[in-house]
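Coordinate analysis (summary)
In case you want the letters, here they are:
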Amino acid sequence: MDLDPVIHAPARLQIVSLLAAAEEAEFGFVRDTVGVSDSVLSKHGSALESAGYVAVRKGYVGKRPKTWFKLTDKGRAAFAAYVENLQRIVAPSGLSVVPDERV
């Protein structure tokens, strides 16, 4: 039961979790939501892209350059496996990483 080291870094886990809930997210939105600097997001984004977990798209809005991140199918599968493994690790405590569905 290993936790994926590519995802396990706290900032990367936040990035992947955010992208799992979206079709695509703009660089500035991800940066501000995760609460990191441009350089930190670039570094972690590159690591996730190198692993094949994130696709990076560059383009323009008007004359301004923009960057968007999208979780790939491989990234979605890796995140799902990460959450499943994390749940197995915490299960003996009686706690859960999965929200209680009894609302």
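Only a predicted model underlies this, so the values are computations on that prediction, with no experimental measurement involved.

**So, helix 2 (residues 10-20)**
By the burial criterion, the buried members of helix 2 are Ala11, Arg12, Ile15, Val16, Leu18 and Leu19. Viewed end-on, helix 2 has its buried residues packed into an arc of 160°, placing them on one side of the element.

**Points about the nonpolar core**
Within the largest apolar cluster, 21 residues are counted, with the highest numbers of intra-cluster contacts made by Ile15, Leu19, Val30, Leu41, Tyr53, Val54 and Phe69. Breaking this core down by element, the ones donating at least two residues are helix 2, helix 3 (27-34), helix 4 (38-50), strand 3 (64-71) and helix 5 (73-90). A total of five residues in this core trace back to one element, the largest contributor, which is helix 2.

**Points about the sheet that holds strand 1 (residues 25-26)**
Taking strand neighbours across the sheet as the criterion, the three strands line up as 1-3-2 in an open arrangement whose pairing is antiparallel. Looking along the sheet, the strands with just one partner apiece sit at the ends: strand 1 and strand 2 (54-61).

**So, the pattern of salt bridges**
Evaluation of the coordinates by the stated rule reveals five salt bridges. Here lysine 70 and glutamate 23 are joined by a salt bridge, their closest N and O atoms 3.1 Å apart. Of the two residues, lysine 70 is situated in strand 3 and glutamate 23 in the loop between helix 2 and strand 1; the sequence distance between them amounts to 47 residues. Residue classification places glutamate 23 among the exposed positions, given a relative accessible area of 56%.

Conventions we followed
Residues numbered from 1 in each chain as written. Predicted model: local features only at pLDDT ≥ 70, side-chain atom pairs only at ≥ 80, totals over all residues. Heavy atoms only, no water. Buried < 20%, exposed > 50% of the residue type's maximum accessible area, 1.4 Å probe, protein only. Helix = DSSP H or I, 4+ residues; strand = E, 2+ residues; numbered from the N terminus. Arc of directions from axis to C-beta. Core = buried A, V, L, I, M, F, W, Y, C linked by side-chain atoms within 4.5 Å. Pairing = 2+ DSSP bridges. Salt bridge = Lys/Arg side-chain N within 4 Å of Asp/Glu carboxyl O.

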